[in-house]
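# Residue-level structure breakdown
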Amino acid sequence: RSRGLGDVYKRQAQADVVITSGGVSVGDADYVKEMLAELGQVDFWKIAMRPGRPLAFGQINDALFFGLPGNPVSVMVTFYQFVTPALRELMGEANPEPLTLQVTCTDPIRKRPGRFEYQRGILSTDARGITQVATTGGQGSGILRSMSAANCFILLDEQLSLIHI
């Protein structure tokens, strides 16, 4: 059970950041949060976002620890939203946060309230030179095409429920 993170603990003295994938939820085989608490500290665990709700963040000695979800789309979203800005900051980048634009969406979007949502989108410029965004289609967390077709995220506030464009 603890073998995987125990190995991480031994090697982390050489690392600035430790990243794992899977094992951060509440299932029978999910030990990452528990092991992080044993080996270091858990700063936060569950977040109100979709996809990517289970996300463990903390430290093992001086190394930052990111325990990403196991679902492939959730991994990609949490990596882009949390790990990438942290790595950019560690590298000394002046503005590590991703660029955010407010543009018109050309597709109807469905969303339930309660979680901040990252839908995958395609940002483009129309024939008139106006920047717009469209969804990549189905947004289920198991639809890998939603990530491979995307070039941006559509950020939806947790209070929004259903949008008709």
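Residues numbered from 1 in each chain as written. Predicted model: local features only at pLDDT ≥ 70, side-chain atom pairs only at ≥ 80, totals over all residues. Heavy atoms only, no water.

### A few points about the nonpolar core
- If you look at the biggest cluster of nonpolar residues, it comprises 14 residues, and the most contacted ones within it are M49, F66, L68 and V77.
- Counting residues per element, the ones that place at least two in this core are β4 (54–60), β5 (63–68) and α3 (72–90).
- Sort the elements by how many residues they give to this core and α3 lands first, with five residues.
- With residues up to four places along the chain from it excluded, the contact list for L68 reads I19, T20, S21, G22, V24, P54, L55, V75, T78, F79 and V83. (Core = buried A, V, L, I, M, F, W, Y, C linked by side-chain atoms within 4.5 Å. Buried < 20%, exposed > 50% of the residue type's maximum accessible area, 1.4 Å probe, protein only. Helix = DSSP H or I, 4+ residues; strand = E, 2+ residues; numbered from the N terminus. Contact = heavy atoms within 4.5 Å.)

### Describing a nonpolar patch on the surface
- Together, L99, L101, V103 and L123 make up an exposed nonpolar region whose accessible area comes to about 360 Å².
- For L99, the position within the fold is in the loop between α3 and β6 (104–105).
- Among the residues examined, L99 registers a relative accessible area of 74% and is labelled exposed. (Patch = residues over 30% accessible without salt bridge, like charges linked within 9 Å, V, L, I, M, F, W, Y side chains within 5 Å. Areas by Shrake-Rupley, 256 points an atom, 1.4 Å probe, with all protein chains shown as cover. Salt bridge = Lys/Arg side-chain N within 4 Å of Asp/Glu carboxyl O.)

### Focus: the pairing of β5
- Burial within β5 is extensive, with six of its six residues counted as buried.
- What you see with β5 is no split at all: A63, F65 and G67 on one side and L64, F66 and L68 on the other are buried throughout.
- As paired elements, strand β1 (residues 17–21) and β5 share five bridges and run parallel to each other. Of the residues in β5, the one forming a bridge with I19 is F66.
- As judged from the five bridges shared by β4 and β5, these two strands associate in the antiparallel manner. From the neighbouring strand, I60 faces β5, where its bridge partner is A63. (Pairing = 2+ DSSP bridges.)

### Describing the pattern of salt bridges
- One pass over the structure, following the stated rule, counts two salt bridges.
- The closest approach of N and O atoms between D126 and R128, which form a salt bridge, is 2.9 Å.
- A residue is classified by how much of its surface remains accessible, and D126, at 18% relative accessible area, is buried.

### Overview of the confidence of the model for the chain
- Residues of the chain with pLDDT of at least 70 account for 89%, and the chain-wide mean is 86.
- Across the chain, strand β9 (residues 131–135) holds the top mean pLDDT of 96, while strand β11 (residues 162–163) sits lowest at 54. (pLDDT = per-residue confidence, 0-100.)

### Some remarks on a positive patch on the surface
- On the surface, a cluster of positive charge is contributed by K33, K46, R50, R53, R112 and R115.
- With respect to the element layout, K33 can be found in helix α2 (residues 32–39).
- Judged by its relative accessible area of 35%, K33 is partly exposed. (Lys, Arg positive; Asp, Glu negative; His and termini not counted. Charge placed at Lys NZ, Arg CZ, Asp CG, Glu CD.)

### Notes on α3
- With 19 residues, α3 should reach 27 Å at 1.5 Å per residue; the first-to-last C-alpha distance of 25 Å fits that figure.
- The largest bend along α3 reaches roughly 40 degrees and is located at F79.
- Regarding α3, the residues found buried are V73, S74, V75, V77, T78, Q81, V83, T84, P85 and A86.
- Taking the backbone nitrogen of V73 as reference, a side-chain oxygen 3.0 Å away marks N71 as the first, capping residue of α3.
- G92 sits one or two residues past α3 and shows a positive phi near 90 degrees. (Expected span 1.5 Å × (residues − 1). Bend = angle between axes of the 7 residues up to and from the residue. Polar contact = N/O pair within 3.5 Å; in protein donor to acceptor, adjacent residues only side chain to side chain.)

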